[in-house]
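This is what each chain is made of:
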Amino acid sequence: MSTSRKTVVADHLREALTRGDYQPGDRLPGEEELAERFDVSRATARLGMRILQDEGRITIQAGRGAFAADHQPIIHLATPISGGSDSERFEAGYQPHLREAGYYQVDEKIKVSLDTMRPKVAKRLRFDADENGPYGGLVVIRSCDRFVEGGLWQSQVTYFPFSIANNTALMSPERLDQGVSAVLRELGYREDWNWDIVGARMPSQDEADSFGLGPGIPLLVQERVAHEGERPLRFTETIMPANRHQLLYSGGDAPEELLLMASDVNIFER
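Since we're looking at a predicted model, the values are computed, not measured.

A. Layout of the sheet that holds strand E7 (residues 193–201). Taken in spatial order, the six strands make up an open sheet running E4-E5-E6-E9-E8-E7, and their pairing is antiparallel. A strand with exactly one partner marks an edge of an open sheet, and here the two such strands are strand E4 (106–116) and E7. The average undirected angle you get between the axes of adjacent strands in this sheet is 15°. Here five bridges tie strand E6 (residues 151–161) to strand E9 (residues 231–241), and the two strands are oriented antiparallel to one another. Paired with Tyr159 across the strands is Phe235, a residue of E9.

B. Helix H2 (residues 31–38), seen in detail. Taken together, the buried positions of H2 are occupied by Glu31, Leu34, Ala35 and Phe38. The buried residues of H2 occupy an angular sector of 100° when projected down its axis, which confines them to one face. Away from its buried face by more than 90 degrees, H2 exposes Glu32 and Glu36. Backbone geometry just after H2 places Asp39 at a positive phi near 55°.

C. Fine view of the pairing of strand E5 (residues 138–148). With eight of eleven residues buried, E5 is to be regarded as a mostly interior element. As paired strands, E4 and E5 are joined by eleven bridges and run antiparallel to one another. Within E5, the position partnered with Lys111 by the bridge is Ser143. Here E5 runs beside E6; their pairing, made up of ten bridges, is antiparallel. Looking across to E6, one finds that Val140 is bridged to Phe160. Between the antiparallel neighbours E5 and E6 lie two residues, among them Glu149 with a positive phi of about 50°.

D. Up close: the pattern of salt bridges. If you walk through the whole model with that rule in mind, you get 14 salt bridges. The salt bridge involving Arg146 is made with Glu108; its shortest N-O contact spans 3.0 Å. Note that Arg146 is positioned in strand E5 and Glu108 in strand E4, a separation of 38 residues in sequence. Pair check on accessibility: Arg146 and Glu108 agree, each one buried. The shortest N-O distance in the salt bridge between Arg190 and Asp192 comes to 2.4 Å. Because the salt bridges share partners, they merge into one network encompassing Lys120, Arg124, Glu223 and Glu237.

What counts and what doesn't
- Residues numbered from 1 in each chain as written.
- Predicted model: local features only at pLDDT ≥ 70, side-chain atom pairs only at ≥ 80, totals over all residues.
- Heavy atoms only, no water.
- Pairing = 2+ DSSP bridges.
- Helix = DSSP H or I, 4+ residues; strand = E, 2+ residues; numbered from the N terminus.
- Axes fitted to C-alpha atoms, helices over the stretch in contact; angles between N-to-C directions.
- Buried < 20%, exposed > 50% of the residue type's maximum accessible area, 1.4 Å probe, protein only.
- Arc of directions from axis to C-beta.
- Salt bridge = Lys/Arg side-chain N within 4 Å of Asp/Glu carboxyl O.

Listed below in structure tokens is the structure:
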């Protein structure tokens, strides 16, 4: 029951699903058939099928078999919309969208801490120790873990220079219903522009365990730095399992209902 053998089974099923050999609701070959086809034990075939179950590509029903699922990754609205919602507004944006997709147990846990800037954070926030006051090297860390049906779904961490976040609502471990950008505006800071970098990497073992990921599933990592003029105001890093998320960006004067308009877009469509 080596990882390589069960992965062979999983890869075969995944390719068949991607080609459209099985439509949502279609029954897949059983453990016995897969075991014979790939010369593995039924236990190995079962483990291979569970990889696809973890990815959301199939459902396994006790006594009935495995069936192709209607695999619909959740849209992550990466671009804030003027007057609308974005991924950083949980109750107004992210939570309702998940519920529309059929996920009802949705929760968010927030933690706030204070630390010195790690090199990565200092680089994003362009921190230069020689040009800052005594608290310049401190950063306020606001972490939001989002859970769906009891499992970790998305992790988002925002770093603020201490000089900006000290003694403000940004240091409270309470949900900011109006969003981080609105809080910064109330404090007199204007987010004029931002840049994003999106990449994919394999999870560490701790991350795979936390997200409940099967073998071979990468994480999407979205980094955003928001500026007022030339001054960085915050650095936000969002980590998402690639099999559960699609990132939606927009340009121009996008309508507030963009998330609804794009809700049926699926990169797995053939």
